[in-house]
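Observations on the three-dimensional arrangement
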Amino acid sequence: MRRLRVLVIVLSALGAQAVSAAGSADEAARRGRSVREIKRVLRSSGFFDGTVIQGSGSYGGAYGSSSAARAVAAEDDATLPVAWGRKWDDVSKTYTITVDGDTATAVVNVSNEGTLYVDLSDDGVKNPGTRSFSTKMSRTATLSKDSNGKWKIESISVGVAGLADSSAQTVNVTSVTVDSSLSITDPTSEIDVDDILEAAPGEEIVVEATASNSTSSGLSPTTFVFLHSGPGYHRTQMTDDGTGADRAAGDGVYTASFTVPEGADYGRAHLAVDAIDSQTLQSESGPDYNWSVWLIGYRVD
Ligand SMILES: [Ca+2]
Ligand SMILES: [Ca+2]
């Protein structure tokens, strides 16, 4: 009798274990479904699509002329090349998704291999020197599951890009203000999708940015700052000369504006603030590429 009772207890314990194993298998399957659904939501959102976050060949202009190329006035003056650009050759992207009940967080990391083209000879010939580089971009999002069981993006961070070897990077974007309304100083803090800037075709958007650079190049300026906007990521130099939309000369706030094109596709769009160490562009062969980018989404409607 006593032996039977022990056997019953053992069987009960085994039964409980089997139920628990089936439960965690269900739970694992549910999580797997959620992760697949979240990836799909991220990919179809327009905030993580291939062109934007991967940085395709068109990002930054594969080979665009500098409108502001100027004569060297002093030995330590940094000038822009006759033409320069970048091409991204190889890209890999990883999604890290953590599901906790009806909320989830996603970290999207992108690694890029690319080539920098710098042409210093004003000879009407495209004959740039080339340098290869390795860069990375990171972006986060928070999602929640609605009452219909569908995952939705609640908030999203700025995309932050820089060198794969961050110890070699001296330049950093430190703030971006869009249309005096959206101001970002911490690129890791997420913006509620309801607060994302909305713009209509034909509307002018003013972008102001600051950047830091710990370089010892001694060049002036230490950093060139560019704005990329619109389809094809048209590149415009941001200036700190007090003209146009720039409120004050020499205050470290670089400004540029762009007009949302008439006929622009409705939906998600991006602008990017792109800070490059000026020494990178003083030679066709070196030193190594040194840059920082913040990628900011907006909505055309
Ligand atoms: Ca040339
Ligand atoms: Ca300024």
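The following refers to the structure shown. (Residues numbered from 1 in each chain as written. Chains lettered and ligands numbered in written order. Predicted model: local features only at pLDDT ≥ 70, side-chain atom pairs only at ≥ 80, totals over all residues. Heavy atoms only, no water.)

1. What about the overall build of the chain?
What counts here: Elements are defined by DSSP. Helices are runs of H or I of four residues or more, strands are runs of E of two residues or more, and each kind is numbered from the N terminus. Note on contacts: a residue pair qualifies if any of its non-hydrogen atoms lie within 4.5 Å across the two residues. Each accessible area is a Shrake-Rupley result for a 1.4 Å probe, and residues are judged covered by the shown protein chains and nothing else.
The secondary structure content of the chain amounts to 2 helices and 16 strands. Looking at the chain alone, contacts between residues at least 24 apart form 71% of all its contacts between residues at least 6 apart. Within the structure as shown, the chain displays about 14900 Å² of accessible surface, and the carbon and sulfur contribution to it stands at 51%.

2. Quick look at the coordination of the calcium ion (ligand 2)
Here is the rule: Sites may look incomplete because water is not among the atoms; the donors themselves are N, O and S atoms within 2.8 Å of the metal, or within 3.2 Å for Na, K and Ca. Angular criteria define each label, namely tetrahedral for four donors with all angles between 85 and 135 degrees, square planar for four and octahedral for six donors with opposite donors over 155 degrees apart and remaining angles between 65 and 115, and irregular for whatever fails these tests.
For the calcium ion (ligand 2), the full set of protein donor atoms is Asp240 (OD), Asp246 (OD), Asp246 (OD), Ala248 (O), Asp251 (OD) and Val253 (O), and the range of their distances to it is 2.3 to 2.7 Å. The site at the calcium ion (ligand 2) holds 6 donor atoms, and with the angles between them running 51 to 167 degrees, its shape is irregular. In the primary sequence, the donor residues of the calcium ion (ligand 2) line up as D-x5-D-x1-A-x2-D-x1-V.

3. Observations concerning the coordination of the calcium ion (ligand 1)
Let me state the cut-off plainly: A 1.4 Å probe rolled over the protein chains alone gives each residue an accessible area, and that area as a share of the maximum for its type sets the label: buried under 20%, exposed over 50%, partly exposed in between.
Around the calcium ion (ligand 1), the donor atoms from the protein are Asp119 (OD), Asp119 (OD), Ser121 (O), Ser121 (OG), Asp123 (OD), Val125 (O) and Asn127 (OD1), and they sit 2.3 to 2.6 Å away. In the primary structure, the donors to the calcium ion (ligand 1) are separated according to the pattern D-x1-S-x1-D-x1-V-x1-N. Here Ser121 falls in the partly exposed class, since its relative accessible area comes to 25%.

4. Here we look at the pattern of salt bridges
How we decide: Think of a salt bridge as a Lys or Arg side-chain nitrogen and an Asp or Glu carboxyl oxygen that are within 4 Å of each other.
A full pass over the atoms with the stated rule returns 7 salt bridges. Among the salt bridges present, the one from Glu27 reaches Arg30, with a minimum N-O distance of 2.8 Å. Separated by 3 residues within a single helix, Glu27 and Arg30 lie in helix H1 (residues 2-44), roughly one turn from each other. Owing to a relative accessible area of 29%, Glu27 belongs among the partly exposed residues under this scheme. Judged by its relative accessible area of 41%, Arg30 falls in the partly exposed class. The salt bridge partner of Arg86 is Asp274, with a shortest N-O separation of 2.6 Å. Of this pair, Arg86 sits in strand E2 (residues 83-100) while Asp274 sits in strand E15 (residues 267-277), and the two are 188 residues apart along the sequence.

5. Quick notes on unusual backbone geometry
Of note, the amide linkage connecting Ser220 to Pro221 takes the cis form, showing an omega dihedral of -5 degrees. Inspection of the secondary structure assignment puts Pro221 in the loop between strand E11 (204-213) and strand E12 (223-229). Put simply, Gly286 and Pro287 share a cis peptide bond, and its omega is 0 degrees. With respect to the helices, strands and loops of the structure, Pro287 is situated in the loop between E15 and strand E16 (291-300). The phi dihedral of Asp179 is positive, around 55 degrees, even though this residue is not glycine.

6. Looking at the nonpolar core
We count it as follows: In plain words, nonpolar cores are sets of buried Ala, Val, Leu, Ile, Met, Phe, Trp, Tyr and Cys residues tied together by side-chain atoms within 4.5 Å.
Counting 69 residues, the largest nonpolar core has Leu42 and Tyr298 as its most contacted members. Ignoring anything within four residues of it in the chain, the contact list for Tyr298 reads Ile196, Leu197, Ala199, Ile205, Gly230, Phe258, Val260, Gly267, Arg268, Ala269, His270 and Leu271.

7. Digging into the packing of aromatic side chains
For clarity, the cut-off: In summary, the pairing rule links any two rings of Phe, Tyr or Trp, Trp by its six-membered ring, whose centres are within 6.5 Å, and it sorts them by plane angle into stacked for under 30 degrees, edge-to-face for over 60 and tilted for everything else. Only when the NZ of Lys or the CZ of Arg is both within 6 Å of the ring centre and within 35 degrees of the ring normal is a charge said to sit over the ring.
All chains considered together, the criterion is met by 4 aromatic pairs. Ring centres 5.1 Å apart and planes at 55 degrees place the aromatic pair Trp84 and Phe226 in the tilted group. Pair noted here: Trp84 is in strand E2 and Phe226 is in strand E12, with a separation of 142 residues, a long-range link. Considered together, Trp84 and Phe226 belong to a single accessibility category, that of buried residues. Through a chain of ring-to-ring contacts, the aromatic side chains of Phe133, Tyr289 and Trp291 assemble into a single cluster. Cation over ring: Arg235 sits above Trp84, and NZ or CZ is 3.6 Å from the ring centre. Here the basic side chain of Arg235 rests over the ring of Phe226, its NZ or CZ set 5.7 Å away from the ring centre.

8. Description of the side chain of Arg86
Stated precisely, the cut-off is as follows: Polar contact is defined as a pair of N or O atoms within 3.5 Å, subject to the rule that within protein one atom must be able to donate a hydrogen and the other to accept it, and that residues adjacent in sequence are counted only when both atoms are side-chain atoms.
Arg86 sits in the buried class, given a relative accessible area of 0%. Of note is the side chain of Arg86, whose polar atom sits 2.6 Å from the side chain of Asp274.

9. Here we look at the environment of Glu208
In this fold, Glu208 is placed in strand E11. Overall, Glu208 belongs to the buried group, its relative accessible area being 9%. Contact partners of Glu208, with chain neighbours within four places excluded, come to Ser175, Val176, Thr177, Met238, Arg247, Val253, Tyr254 and Thr255. At 2.7 Å, the side chain of Glu208 forms a polar contact with the side chain of Arg247.

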